[in-house]
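As a plain string of letters, each chain reads:
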Amino acid sequence: MGKTDEAKADFLASIGLDEGNGDPYFNIGLIYFDESDYSRALYYLRRAVEINPRDSQFLTELGHLYLELEREEDALKSFKQAFENDPDDAQVDFHLGYYFLYKRREPLHAVKYYAKGLKKDPVDQFALADLAVAHWVLGNTRKL
């Protein structure tokens, strides 16, 4: 049994002990998302949100999954709800930056969201890299 399989087994055991805790649903959902098993990821991430609909992290990752499933409207609803629940969560801004850069191909909007998120979390390496890509696409090489 690999480490990922062990983690899944542990999270399932945790769910068996406390079905009202969204964290193990979220964690196993992320594993399935990472493995591109989107149907299972969707089940577990939705369940995490059902248990704790105010958790911006749960909502943001569910929104990201919706983007991968080409369910843009559902993704934007999740991001909006996450922002309303926790406007200080930089990950919401970073995921919206991702959406505009890679899904909508609107780098100017992406720059706006990455910059907003980086004011909240200035050391997020993924966001900094994606912001550089957005500037590069725009031809703003002096900002890199």
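Here we summarise the structure given alongside this text.

About the criteria used
Each chain carries its own residue numbering, running from 1 in the direction its sequence is written. Predicted model: local features are reported for residues with pLDDT of at least 70 only, side-chain atom pairs are reported and counted for 80 or more only, and whole-chain, interface and lining totals are derived from all residues. Side-chain metrics in this entry use all non-hydrogen atoms of the structure; hydrogen atoms and water are not considered. For this analysis, a salt bridge means a side-chain nitrogen from Lys or Arg found within 4 Å of a carboxyl oxygen belonging to Asp or Glu. Any residue under 20% of the maximum accessible area for its type is buried, any over 50% is exposed, and the rest in between are partly exposed; the area is computed with a 1.4 Å probe on protein chains only. Each helix corresponds to a stretch of at least 4 residues labelled H or I by DSSP, and each strand to a stretch of at least 2 residues labelled E; elements are numbered beginning at the N terminus. Stacked, edge-to-face and tilted labels apply to pairs of Phe, Tyr and Trp rings (six-membered ring for Trp) whose centres lie within 6.5 Å, assigned for plane angles under 30 degrees, over 60, and everything in between, in that order. Residues with no salt bridge and a relative accessible area higher than 30% make up the patches, which join like charges within 9 Å and nonpolar side chains (Val, Leu, Ile, Met, Phe, Trp, Tyr) within 5 Å. The method behind every accessible area is Shrake-Rupley, applied with a 1.4 Å probe, and residues are considered shielded solely by the protein chains displayed. Think of each axis as a best-fit line through the C-alpha atoms, taken over the contacting stretch in the case of a helix, with angles from 0 to 180 degrees between the N-to-C directions. Note on terminology: angles under 35 degrees are roughly parallel, angles over 145 are roughly antiparallel, angles of 65 to 115 are roughly perpendicular, and the others are oblique. Helix crossings fall into two classes, left-handed where the near helix is turned counterclockwise from the far one by less than a right angle and right-handed where it is turned clockwise. By definition, residues are in contact when any of their heavy atoms lie within 4.5 Å. Residues are sorted three ways: Asp, Glu, Lys and Arg are charged, Ala, Val, Leu, Ile, Met, Phe, Trp, Tyr, Cys and Pro are nonpolar, and all the rest, Gly among them, are polar. Each residue after the first adds 1.5 Å to the expected span of a helix. The directions considered for the arc run from the helix axis to the C-beta atoms.

Another point: the pattern of salt bridges. Within this structure, the stated rule accounts for twelve salt bridges. Measuring nitrogen to oxygen at the nearest pair gives 3.2 Å for the salt bridge that ties Asp37 to Arg40. Given a relative accessible area of 21%, Asp37 falls into the partly exposed group. As a salt-bridge pair, Glu50 and Arg47 come within 3.3 Å of each other at their nearest N and O atoms. Of the two residues, Glu50 and Arg47 are both situated in helix H3 (residues 38-51); the distance of three residues between them amounts to about one turn of the helix. Residue classification places Glu50 among the exposed positions, given a relative accessible area of 53%. Salt bridges sharing common partners tie together Asp5, Lys8 and Glu35.

Take the packing of aromatic side chains next. Inspection of the entire model under this criterion finds nine aromatic pairs. Measuring from centroid to centroid gives 4.9 Å for Phe26 and Phe58, while their planes differ by 25°, and the two rings are stacked. Here Phe26, found in helix H2 (residues 22-34), pairs with Phe58, found in helix H4 (residues 56-68); they are 32 residues apart in sequence, far enough to count as distant. Here Phe26 and Phe58 have matching classes, each one buried.

A surface patch of nonpolar side chains, about 300 Å² in accessible area, is lined by Val133, Trp136 and Val137. If you trace the backbone, Val137 turns up in helix H8 (residues 125-138). For Val137, a relative accessible area of 46% corresponds to the partly exposed category.

One can describe the packing of helix H6 (residues 90-103) onto H8 by two numbers: an axis separation of 11 Å at closest approach and a directional angle of 30°. Between H6 and H8, the angle is such that the two are roughly parallel. As for how H6 packs across H8, the hand of that crossing is left-handed. Facing H6, whose interface residues are Phe94, Leu101 and Tyr102, H8 presents Ala127, Asp130, Val133 and Ala134. Of the residues in the contact of H6 with H8, the class split is six nonpolar, no polar and one charged.

Taking 1.5 Å of rise per residue, 14 residues should cover 20 Å, and H8 covers 20 Å from first to last C-alpha, within 8% of that figure. Buried within H8 we find Ala127, Asp130, Leu131, Ala134 and His135. Seen from one end, H8 has its buried residues packed into an arc of 145°, which puts them on one side. Exposed positions of H8 whose direction lies more than 90 degrees from the buried face are Gln125, Phe126 and Trp136. Looking at the packing, one finds that the buried side of H8 touches H6 and helix H7 (107-120). Gly139 sits one or two positions beyond H8 and adopts a positive phi of about 85°.

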